[in-house]
Amino acid sequence: MKLIKKIKKFFYLKILKKKYYKTGSCALCGACCKNIYIRHKDSVIKTTEEFEKIKLEDSDSFYKHISIIGQDEFGLVFACDKYDKEKKLCSDHKNRPSICRNYPSEEIFSYGAKLNPNCGYKFESIEKFDEIFARISKKPTKIFKELN
Ligand code: SF4
Ligand code: SF4
């Protein structure tokens, strides 16, 4: 069992370059279908012009189904028209695009975003702080000594 855990950890950390395990499942709360920021390539979509350009260039049908509902200092805020407000879920859940299937990904943290507290998924850090500390404490370390 320990070996399997070690292999899994190695695969996530070294091959997938992940820092977290994603656990849980979708609770169908619909939060990630409304009031959302969209990251395209390396940054969050910030302007209407940028969004219009992406829609022309990117054939992903996802972009055809989202519309701008606001804007703040972080970027444009979108909602998806496939979200069924009455049923509170995606009207085309089986065929939802990969961006939705992959949500949430740990990359959201690099944008300073947080996971919705009602989301059925959770992230667990792969390396616990005490493991990191135990590893680095074995290495030779230079410690700054203040002069009196
Ligand atoms: S396609 Fe479905 S899952 Fe994806 S944002 Fe729209 S409503 Fe939500
Ligand atoms: S926020 Fe989480 S629980 Fe809610 S619909 Fe999206 S993935 Fe599912």
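In what follows, the structure referred to is the one given above.
Worth saying up front: this structure is predicted, and the values here are computed from it rather than measured. (Residues numbered from 1 in each chain as written. Chains lettered and ligands numbered in written order. Predicted model: local features only at pLDDT ≥ 70, side-chain atom pairs only at ≥ 80, totals over all residues.)

Of the regular secondary structure elements, the chain holds five helices and eight strands. Mapped in sequence order, the helices and strands of the chain form the string α-β-β-β-α-β-β-β-β-α-α-β-α. The C-alpha radius of gyration of the chain comes to 20 Å, more than 25% above the 15 Å expected for a compact globule of 148 residues. Along the three orthogonal principal directions, the C-alpha set of the chain runs to about 60 × 45 × 30 Å. Per-residue burial over the chain gives 6% buried out of 148 residues. A sequence separation of at least 24 residues applies to 62% of the contacts in the chain between residues at least 6 apart. (Helix = DSSP H or I, 4+ residues; strand = E, 2+ residues; numbered from the N terminus. Rg over C-alpha atoms; globule rule 2.2 N^0.38 Å. Buried ≥ 20, exposed ≤ 12 C-beta atoms within 10 Å, placed from the backbone. Contact = placed C-beta atoms within 7 Å.)

Glancing now at the site of ligand 1. The environment of ligand 1 is formed by C33, H65, C80, K82, Y83, C90, D92, R96 and C100. Considered class by class, the residues forming the shell around ligand 1 number five nonpolar, one polar and three charged. (Near = placed C-beta within 6 Å. Nonpolar A, V, L, I, M, F, W, Y, C, P; charged D, E, K, R; others polar.)

Attention shifts here to the pairing of strand β5 (residues 76–80). In summary, the side chains of a regular strand alternate between the two faces of the sheet. Burial of the side chains of β5 is restricted to one face: L76, F78 and C80 are buried, whereas none of V77 and A79 on the reverse face is. Linking strand β4 (residues 66–71) to β5, which pair antiparallel, is a turn of four residues. (Pairing = 2+ DSSP bridges.)

Attention shifts here to the nonpolar core. Counting eight residues, the largest nonpolar core is built from C33, I45, F51, Y63, I66, L76, F78 and C80. Looking at this core, the element that brings in the most residues is β5, giving three residues. Residues within four places of I45 in sequence aside, it is in contact with I38, H40, E50, F51, I54, G75 and L76. (Core = buried A, V, L, I, M, F, W, Y, C linked by C-beta atoms within 7 Å.)

A cis amide bond links Y103 with the next residue in sequence, P104, at an omega value of -10°. With respect to the helices and strands, P104 occurs in the loop between α3 (98–101) and α4 (107–110). Its identity as a non-glycine residue notwithstanding, N35 has a phi of 55°, on the positive side. Here N35 shows up in the loop between β1 (20–24) and β2 (39–40). One non-glycine residue, K41, lies in positive phi territory at about 55°. K41 gets classed as exposed once you count the C-beta atoms within 10 Å, which come to 7.

Moving on, we get to the pairing of β4. Of the strand pairs in this sheet, β4 and β5 are connected by five bridges, and their pairing is antiparallel. Counted as the bridge partner of S67 is A79 from β5.

Glancing now at helix α1 (residues 2–15). Taking 1.5 Å as the rise per residue, α1 with 14 residues should run 20 Å; its terminal C-alpha atoms sit 19 Å apart, in good agreement. Among the 14 residues in α1, zero count as buried, and that is only a small part of the element. (Expected span 1.5 Å × (residues − 1).)

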